[in-house]
Each structure stands twice: as structure tokens, then as C-alpha cells.
Amino acid sequence: MPEKINTVDYESEMGQAYVDYAMSVITERALPDVRDGLKPVQRRILYSLSELTSSDTPHRKCARIVGDTMGKYHPHGDSSIYEGLVNLAQSWKLPIPLVDPHGNFGDVSGSGAAAMRYTEARISKYTEEACMKDLRFCKDDFVPNFDGEETEPTYLPFQVPNLLVSGSMGIAVGMATNIPTHNLIEVIDATVAYLRNPDITTEELMEYIQGPDFATGGIINASKETLLSIYETGQGRLRVRGKVEIRDAGYGRKSICVTELPVTMVGSTEKFLTTVGELARNRELPQVVDIADRGDKNGECLAIDVKKGTTDEEIAKIINILYKKAGLEDTYGVNINCINRGKPEVMGLRRILELYTRFKSEVYNKKYTKLLAEQEDVREVKQGLLEAIDVIDLIIEILRGSKTLQMAKKCLMTGETEGIRFRYKGSEMDARELHFTEKQADAILAMRLSRLIGLEVDVLRKELADAEKKIAKYSKLLSSPKAMRDQMIQDMEALKEFGKPRMTVIRDLGEVKVEKVEEKPTEVTVLLDRFYYLKCIDRATYEKNAEQIAKEYRASVNVMSNERVLLFTDAGWVYTVKVSELVKKQAKKLTGKGIFAKLSDKGIQVFEFCEMDKAENIVYITLAETVAKEQLLFVTREGHAKRVEGSNFDTSRKKAAAGKQDETAIWIGPVEETDQVMVRSAKGFYVRVKVSDISFKGKGAAGIMLIKLSEGDTIEAATAGKPDAMLEDVAFGRVKITCTGNKGTKLRK
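This report concerns the structure included in the present document. (Residues numbered from 1 in each chain as written. Predicted model: local features only at pLDDT ≥ 70, side-chain atom pairs only at ≥ 80, totals over all residues. Heavy atoms only, no water.)

Considerations on the overall build of the chain
The helix and strand tally for the chain stands at 23 helices and 32 strands. Each principal axis of the C-alpha atoms in the chain carries an extent, and together these give about 160 × 85 × 50 Å. Per-residue burial for the chain yields a buried fraction of 49% across its 749 residues. For the chain, long-range pairs separated by at least 24 residues make up 68% of all intrachain contacts whose partners lie at least 6 apart in sequence. (Helix = DSSP H or I, 4+ residues; strand = E, 2+ residues; numbered from the N terminus. Buried < 20%, exposed > 50% of the residue type's maximum accessible area, 1.4 Å probe, protein only. Contact = heavy atoms within 4.5 Å.)

A word on a positive patch on the surface
Among the surface-exposed residues, Lys578, Lys584, Lys585, Lys588 and Lys654 lie close enough to one another that they form a single positively charged patch. Per-element tally for the positive patch: the top contributor is helix α21 (residues 579–589), with three residues. Turning to its location among the elements, Lys654 is positioned in the loop between β26 (640–645) and β27 (655–657). (Patch = residues over 30% accessible without salt bridge, like charges linked within 9 Å, V, L, I, M, F, W, Y side chains within 5 Å. Areas by Shrake-Rupley, 256 points an atom, 1.4 Å probe, with all protein chains shown as cover. Salt bridge = Lys/Arg side-chain N within 4 Å of Asp/Glu carboxyl O. Lys, Arg positive; Asp, Glu negative; His and termini not counted. Charge placed at Lys NZ, Arg CZ, Asp CG, Glu CD.)

Some details on the packing of helix α13 (residues 392–401) against helix α14 (residues 405–414)
Axis angle and axis distance: for two packed helices, these are the angle between their axes and the distance between the axes, and together they describe the pair. For the pair α13 and α14, interaxial distance at closest approach is 8 Å and the crossing angle is 145°. Note that α13 runs across α14; the crossing there is right-handed. Here α13 contributes Ile395, Ile398 and Leu399 to the contact with α14, which in turn contributes Ala408, Cys411 and Leu412. Broken down by class, the residue content of the contact of α13 with α14 amounts to six nonpolar, no polar and no charged. (Axes fitted to C-alpha atoms, helices over the stretch in contact; angles between N-to-C directions. Left-handed = near helix turned anticlockwise from the far one by under 90°. Nonpolar A, V, L, I, M, F, W, Y, C, P; charged D, E, K, R; others polar.)

Quick word on the sheet that holds strand β3 (residues 120–123)
Spatial ordering of the open sheet is given by β1-β3-β2, a layout of three strands whose pairing is antiparallel. Of all the strands in the sheet, just β1 (60–61) and β2 (99–102) have a single pairing partner and so form its edges. (Pairing = 2+ DSSP bridges.)

Quick word on unusual backbone geometry
A positive phi angle, close to 55°, is found at Arg341, a residue other than glycine. For Arg341, the location among the structural elements is in the loop between β15 (337–340) and β16 (343–346). Located in the positive-phi region is Tyr532, a residue other than glycine, with phi close to 65°. Residue placement: Tyr532 occurs in the loop between β18 (523–529) and β19 (533–538).

So, the pairing of β3
Pairing analysis gives two bridges linking β1 to β3, with the strands arranged antiparallel. Note that in β3 the partner of Arg60 across the bridge is Ala121. Across four bridges, β2 lies against β3 in antiparallel orientation. What sits directly across from Asp100, in β3, is Arg122.

What to know about the packing of aromatic side chains
Overall, the coordinates contain 13 aromatic pairs when judged by the stated rule. Their ring planes at 40° and their centres at 5.7 Å tell us that Phe568 and Tyr620 sit as a pair that is tilted. Placement of Phe568 in strand β21 (residues 564–569) and of Tyr620 in strand β24 (residues 618–623) is noted, with a sequence separation of 52 residues between them. Of the two residues, Phe568 and Tyr620, both sit in the buried class. The ring of Tyr323 carries the charged tip of Arg241 above its face, separated from the ring centre by 4.0 Å. Above the plane of the ring of Phe634 lies Lys642, whose end atom (NZ or CZ) is 5.7 Å from the centre. (Phe/Tyr/Trp six-rings, centres within 6.5 Å; stacked < 30°, edge-to-face > 60°. Lys NZ or Arg CZ within 6 Å of the ring centre and 35° of its normal.)

Details of the nonpolar core
Core analysis: the biggest nonpolar cluster contains 84 residues, and Leu46 and Tyr126 have the highest contact counts within it. Setting aside residues up to four positions removed in sequence, Leu46 forms contacts with Leu38, Leu88, Leu98, Val99, Ile123, Thr127, Met132 and Leu156. (Core = buried A, V, L, I, M, F, W, Y, C linked by side-chain atoms within 4.5 Å.)

Describing the side chain of Ser55
On the secondary structure map, Ser55 appears in the loop between α2 (40–52) and β1. There is a polar contact of 2.4 Å between the side chain of Ser55 and the side chain of Glu128. Here Ser55 is in contact with Arg122, Ile123, Ser124, Lys125 and Glu128, once residues within four sequence places are set aside. (Polar contact = N/O pair within 3.5 Å; in protein donor to acceptor, adjacent residues only side chain to side chain.)

Keep in mind that these numbers describe shape and distance, not what the molecule does.
Here it is as C-alpha cells:
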């Protein structure tokens, strides 16, 4: 018989498979359960840890813990289990860690934990008290593990809403969760208030829970209305910022110290310091002179030292820039999305407490039902033992006359005496009156003779009285909702000993405003070397090394840091370079500290900075701010010359035409009416012309003919200046050509 072929729709089959996968990720990996606030991997880690350790036993190797968890309950790889274990132990992530660590478990700056073969852990005292001691009453809800050889819990019976205390973060398929941590004492108070008044409003609950409380502290910058909206809907956005202190850094300087991080900066303090460094190099924080992480393992102090003499007002502006641009204030998105009865649900504060208290009531009913049954068994046994002591001689006679243990047990339970030989007359009639229960009979048969001592009898009576009291207590709890509620409250109040004072401050500080600070211009010098690298040095360095610069550099221009430099090339183009942009660009590239280059630094190649063609040669440099006051003389290789008003080149464009692109400029420079210009051709012909004889032209016009060149001859060199000064350079055999330029500009060939 051929097998039957089932026809399925590909689209619907793929869709259903994806839905199944998505739901598996949502419920089995990424989202916590509203009852215990744990994801499956966290629950399995804690359960495995409770089997291996207790809070007063030695720590166990994390490799052993991970191996047990993976082998018994979570077969999804050791890395995810170890990561979950580390997160449960880190005090900067959880206000009260659920795991007690030993060894290197990383730090708040983002350094990872050591390998699992080095670190150790055990269950924390808090987890043991708040959760594990009631786990034995929930065994009925255990389910088989992945291979059916073990059982595992579907929840852990936390005595407080761990979803709020420990928070959670996870990304599933099509949804995510981001639940902030809260203060244990506040959560207990809010839960107690809800137990006493289930109709309490969210606003009234917020009299107990002020808002999230992060383990790193910091500040929540939010209004009461914003927090109320978040706790009513389960979603919203908060502004979180770090705490800052101003301390003395020594040598007359002050230090801005970040003593408490915003939760969004956990694991990325290095990025923060890098950003501050970039802001300092870009002159947005010119007062900053040093940046360092001077903290301990918990990130106590990220220090930003400022210059001596920085005022309090300037420090306040720096702090605002740190908030706005360096991530010291950031957005924290709240999304309380968790699993309720196998389905994801976004819920507010009242809904969480409603579901948690319902779950807690179920756990307590199971707990005290089992405790009542246990104490009733104790009472039954103790009563039987006391009754047996009263007829101990008869029981001994029954035991000596019975052939088997079962015969003696049957006699104790039903009074059947067949087959038993009694030593005294009348004993058989007394034996027939015995009616112990099976548990009592077993206890009697297991009883040691030492229990017949008078003091031991008193202990039995005391144990019976204690059992009677417990039975009365448990019966009352199970029959009285008020008594049960009071017991829940009492148990939760006892856990306040693990609580800590609130770390995170909540204030409505409004939006940070950063005023654009106009930087005071400073005197600097722009250098151009023979390889066409630009760099900017401070004026003091220039004045100290002026002679060396004159020998080694093609050009040097003394400018202010807020001015622009114009670069004229032989191809007929003029390029504009902002000195401030040059400073920022070189600050990012140069290895030296500070914003100014050293003479030994390489600088930035002008072709890269100005997008200049590498075939072009720079023949003149001047300032955009003063070029309008100049008259520039252009001499071309073809023998033409013209004067152009400098105002033609006062432009903000990065690249503009400076002359005719079909001619090659051999010399460009500022001149005066009394100057003369001299040129030399490649074949040795010279000409000297008065500048006043050269007419003004537009920058795109052709110039006058200075010299009639023979075929194949070109202008090789040119110079201009006062007639007396030109006589010194008339030979042209010297390599240099000197010209007078604005602010001491010098060009060399």
C-alpha cells in the first residue's frame, strides 16, 4: 500500500511554524513570569544552585553550577547560562543580588567576568529566605525536564514581587521588556497596602513606591505625572542622569566627579570618557584638562579635571554639556511586559500586585494545607506513643508472643490475637481492645526503650502540645482570610532586614539647556610644509621656533583661531580653510594631547582637507578676513600679468575660481602702487615693470603681456617689491624668492 501524501499550504505552514517559534522565544527565553519575576534560565540557575549550595556552605565553581543547570534543566549552551548567573550576582545591576559571588564577576565599566572555571558562587541569603524555604510546598507544580529524567519548578515562590524588585530586560520576537528595579522596602510597603486595600489606586500606591530605584543610584529626572502614567500603563520613558560632585583636584584645580552613574551608562563608562575627550579636543569643553576613571570596582568616580581658575558658572555649563552631549543624562524606556498564564501582557503597578497577591495566596494555601497535614500526622503519632507508654507492658508481651512483625502490628491496630502467646491471663482480653492507627503502630514498633524514661515522656507531651498549637494556628489561617493576610504581611515585613535605603533620587529638573558658548579667539599659526601638510600651532610655539619654521616650511600664516585662510593655486583656484575646522580635524588625528599640533607632528595633507587636485601647487596664502584690503598681482607662466582687487576673493565657498583655468600662475602676491615686478624666462630673459603700469582686471580676465616670449620659452620666476629691495634679488640665481605678504606671509620655492 502506498503511503498517503498530505498536501499542505506552504504559506500557512511557514506562518504557523514562525508563530510557534516566536511564542517559544517569548515564553521560554526572553520574558519573565509575573509570579516570580524570573526568566526560565534564571529560574533554572537558582533551582540548580539551591540543590548544590546553601547560604552557609562553601562557594562552588561556576563551571559545576553551569554544567548541572545545562545537563538537567537548560540544554541551550553554557554561555547563556553563565551570563545569566553573572547577571544575578552583579551588585550594580540588582539592588539585592540573588547569587552570592566569589571571584572576578566583572565591573560596572563593562569589564567581563572571568571564565567560569575560575569564579565561584552560592545561593544568597536573601534568595534562600525570600524564596527557597517555601519551595518544598510547591512540588505538585513541578514539571518534567527536557528529557523526562528530572523535574523542575514552573515558578519559585518569592515572598515579595521579585518582578519589581529585581526588574528584567529582554528582547523576544516582535516584542521586548525593560522593567526597572525597585527598592525592596518600598515594594513590600506597597504590597502590604494592596493586601489591606485591594481597591487602592495607582496614585495611592505611589505614596509607597516613589519610582524605580537603580543599583547604581543616579537621578531620575521626571515629574509625578510622568511616573503615574508609566505605573498605570506599564510603558513610558524616563530621563535618567548621573550624580555629580565638585571636588578639589589639587594644584588649585577643581574636578567634576561622576559619583553615581545613570543606569543607561552601566557597561559603557569608557565610551563616556571617550566622548568627553572628543568634546574637549573639539573645543566644546575647552576648560577640561584631564579625564580619568579614578573609581573602584563599583565605578565610584569618573573624574573630569578643569583648568585652574574655572568659575562655578563655567563648571555648571560644562556639567550641562556632559548631560546633553556625553550621555550623562539619557532616556530609559520602561516596558513592563511579562508572562501571565503563558501569555505576554503589558501591565501597570496595580495589575502586577493583583496577580502577585493572587499567586501568593495560592502558595500560602498550599503551604499551610501541607503544614497542617504534617502536624496532624505528628499529633497522631505522639498521641499513639503516649497511649502506648501507658500499656507498655502489654505491648512488650504482644511483641514477645508474636511470631512475625506483621502479626504484632495487626494486633496493635485491630486487636486480633490469633497466633500470639500471652504470658499472663487477661492480657489477651486487653490486647483485643487495642486500636492504634497504622502510623501509630509503626511509630510504636520503631520506638526505642529510652523513650520510657520519665523525661522523655515529658518531651513527648511537650511535642504533642506544640503540635496542637500549630494545628490550631494553621487551621485558623486556612479558615480566616484576614489571618492569612496578616501572616503574609508578617513574613514580608521580616524581609525588610535585607532592604537598603533608596539609592536613586527622583526630581523634576526639566530639560537640560546648553547655551552655545562663543569660544574666545586665540592667536595661532598655520603652517604648510613642503609636502603640502597643514597644521596649526599656538603662537608661542611659532615665536619660539620662528627661524626653524622659516627654513623648513613652505609657508606660515599668523591668524586668529576664528579666521579663515585662503590658498591660491597655480591652476586658478582659491580654497578656503576654516582654522577652527583645521584644529578640530587635527585634534582627532594627531597623537599628541591637546588641540594644537607640535612641530614634530605630521599634520593633515592639504589635498585631503580641501579636496584639492594633487597636481595643483599652492603659490600664495593669505587671510579671508583681510584679503579685501589687498590688491593681488597675478603673473602667469605664459608671461601675462594683472592686478585684481582682493574683494573678489572674500568668499565663504570652500572652492572658487581665482583666475583663468587655461593659464598657469607662477606668482601671486600683494603689491602696492610704488612696487615693481621682475620676471625671468627659462631662456634667461629679464624684464622689470612698474606695478602702476599693470592694469586692474577681473579675476577671470586675461592680463597684459609683460614680456614677449620666443617660441618654447616660459616665465620661470617672478618677484615684486620695492625697487631697492629688488636689487638684492635681481640675480634670481638664489633659490628663494622673497615677497612681502600680509602678517608676515612668506612663500618659498
